[in-house]
Structure formats: C-alpha cells, structure tokens
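Here are the chains, one letter per residue:
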Number of protein chains: 2
Amino acid sequence: MKKSEVLKIVGQNIKRIRLEKGFTQVDLVGKIEARIDTTNISRIEKGRTNATIHTLYKISQALEVPLSEICSVNISKKV
Amino acid sequence: MKKSEVLKIVGQNIKRIRLEKGFTQVDLVGKIEARIDTTNISRIEKGRTNATIHTLYKISQALEVPLSEICSVNISKKV
DNA sequence: TCTTGACTTGTCAAATATGACAAGTATGAA
DNA sequence: TTCATACTTGTCATATTTGACAAGTCAAGA
C-alpha cells in the first residue's frame with residue numbers, strides 16, 4: 001500500500017468518526033488541551049500530510065476513541 | 001497521557017512484537033521495501049522520536065501485524 | 001444576493017523526523 | 001581477552017510536520 005493511500009485511509013477514519021460524533025473541526029480543537037490547529041486537522045483528514053503519532057493521539061483523545069481505531073488500515077496482503 | 005508516554009508505549013509495542021517474532025532491527029530493515037534505517041527504528045523503539053504514521057506503517061508491514069496493533073495505547077480515562 | 005458556518009488551501013517560521021554515518025555500549029561465545 | 005552481533009546514541013543535512021494566519025471555496029438559509 002502506497003504512502004498516500006495509508007494517509008488517505010487514516011484521514012478518512014478520522015473524518016468518519018468525527019462526523020459520526022457530530023463534531024466540527026473547531027469542536028475538536030476545543031476539546032484538546034494540547035495545542036492543535038484546524039489547518040492541520042484538515043490536512044490530515046484529506047491525507048495531505050504524514051501526521052506524527054502524537055498528533056494522531058491528540059485527535060483520538062478529542063474523538064474519544066482509541067488511537068488504534070483511527071490507525072485502522074487493512075493489513076496489506078503483499079508488501 | 002503525556003507525549004513521552006505515548007511514544008514510549010508505541011515503541012515498546014514494536015520492540016515486543018519484533019522480539020516475539022525473533023527479528024533483529026536489521027531483519028526489519030531488510031524486510032521493508034521502502035527505505036528505513038535501524039537508527040530510526042532504535043529511536044522509535046526507545047520512544048525518543050515522534051514517528052510519522054507512514055514510518056510506523058512501514059514497520060507494521062515488516063512485523064506483519066496491522067498498524068493498529070503497534071498503535072495500541074490504552075485510551076486515556078482523563079484528558 | 002448576502003451572510004454565516006465549516007472546511008480547504010497557500011504561505012511562513014520553527015521544530016523535528018528521517019536517513020546516513022560514525023562511534024559507543026552490552027552481551028555472549030570462543 | 002578478543003571477537004562478533006545487536007543495539008544505542010550523537011551529529012549532520014534534508015525534508016516535512018506543525019501551528020499560525022490569511023484567503024478562498026462551498027453549501028444552506030434568510
């Protein structure tokens with residue numbers, strides 16, 4: 001699986017969960033004590049940036065889901 | 001949960017799985033088609049670096065586990 | 001149309017992840 | 001002790017993430 005695909009799937013996970021919970025990006029930022037920016041959330045959701053694990057962790061906190069849930073990418077069959 | 005704790009847990013996950021599978025860090029690098037370095041694997045396992053999701057994905061590929069498994073951090077009770 | 005809210009995108013500066021290499025540490029075997 | 005293997009750590013250059021801000025897009029209402 002290509003880098004861009006991985007980033008896209010992670011971003012879709014985040015966006016899907018966020019919408020399911022009825023949050024806006026601004027809501028998320030408000031829920032995170034550590035600083036984070038809607039610009040970055042947007043970029044991550046769109047798969048335009050290769051986020052660090054800590055940033056994803058902060059987002060998972062705001063979404064109230066385990067980090068592993070937003071990192072749920074199908075295990076590739078072939079490398 | 002502090003940033004350093006998150007990084008440490010992810011690193012421990014990787015190291016634990018790697019040892020369970022009997023791989024050395026050099027083995028891992030050899031299994032990953034995309035370029036990655038033992039220096040970086042070591043730093044990630046030690047929690048000294050805030051790895052990007054794509055790097056963790058590459059490691060998960062080499063370890064033959066889902067990305068979500070190495071990202072398994074207990075959901076924090078309190079923010 | 002105009003406005004508002006939500007999101008996207010461009011740019012910038014600062015911080016830092018990454019790959020590469022060298023050197024150091026630790027362990028175990030001969 | 002010596003050697004080999006595995007890992008850690010320091011440093012460097014490069015690339016990129018991140019937060020911040022501004023501006024742009026888009027859809028839904030009034």
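What you see is a predicted model, and the numbers here were worked out from it, not measured in a lab. (Residues numbered from 1 in each chain as written. Chains lettered and ligands numbered in written order. Predicted model: local features only at pLDDT ≥ 70, side-chain atom pairs only at ≥ 80, totals over all residues. Heavy atoms only, no water.)

(A) Local environment of the protein's contact with DNA strand C. Within the structure, DNA strand C sits among 21 residues, and Arg-18 and Ser-42 of chain A together with Arg-35, Thr-39 and Thr-55 of chain B are positioned closest to it. A distance of 3.1 Å separates a base oxygen of DNA strand C from a polar side-chain atom of Arg-43 of chain A. Among the secondary structure elements, those contributing two or more residues to the surface near DNA strand C are helix H1 (3-20) and helix H3 (38-45) of chain A together with helix H3 (38-45) and helix H4 (53-63) of chain B. (Near = heavy atom within 4 Å. Polar contact = N/O pair within 3.5 Å; in protein donor to acceptor, adjacent residues only side chain to side chain. Helix = DSSP H or I, 4+ residues; strand = E, 2+ residues; numbered from the N terminus.)

(B) Region of the structure containing the interface of chain B and chain A. Tallying the contact residues gives 25 residues for chain B and 25 residues for chain A. Approximately 2,200 Å² of surface area, both sides summed, lies buried where chain B meets chain A, with 66% of it carried by carbon and sulfur atoms. In this structure, the connection of chain B to chain A is made through zero salt bridges. Our enumeration of links across chain B and chain A arrives at seven residue pairs in polar contact (both at pLDDT 80 or more). Elements supplying a minimum of two residues to the side of chain B that touches chain A: helix H1 (3-20), H4 and helix H5 (67-70) of chain B. (Contact = heavy atoms within 4.5 Å. Buried area = accessible area lost by both parts, 1.4 Å probe. Salt bridge = Lys/Arg side-chain N within 4 Å of Asp/Glu carboxyl O.)

(C) Local environment of the relation of the copies chain B and chain A. Placing chain B over chain A gives an RMSD of 0.0 Å and needs a rotation angle of 180°, together with 0.0 Å of translation along the axis. Taken together, the turn and the small shift mark the pair as related by a two-fold rotation axis. Looking at chain B, 100% of its interface residues are interface residues in chain A too, so the copies touch through the same face. (Least-squares fit on C-alpha atoms with pLDDT ≥ 70 in both.)

(D) Region of interest: the nonpolar core. Core analysis: the biggest nonpolar cluster contains 46 residues, and Leu-56 of chain A together with Leu-56 of chain B have the highest contact counts within it. Listing elements by their share of this core, those giving two or more residues are H1, H3, helix H4 (53-63) and helix H5 (67-70) of chain A together with H1, H3, H4 and H5 of chain B. (Core = buried A, V, L, I, M, F, W, Y, C linked by side-chain atoms within 4.5 Å. Buried < 20%, exposed > 50% of the residue type's maximum accessible area, 1.4 Å probe, protein only.)

(E) Geometry of the side chain of Asn-13 of chain B. Residues and elements named next belong to chain B. As for its position among the elements, Asn-13 is in helix H1. Polar side-chain contacts of Asn-13 include one of 3.1 Å to the backbone oxygen of Ser-72. If sequence neighbours within four positions are ignored, Asn-13 has contacts with Glu-69, Ile-70, Cys-71 and Ser-72.

(F) Looking closely at unusual backbone geometry. Of note in the backbone geometry, Glu-64 of chain A takes a positive phi value of approximately 60° without being a glycine. Examined against the element boundaries, Glu-64 of chain A turns out to sit in the loop between H4 and H5.

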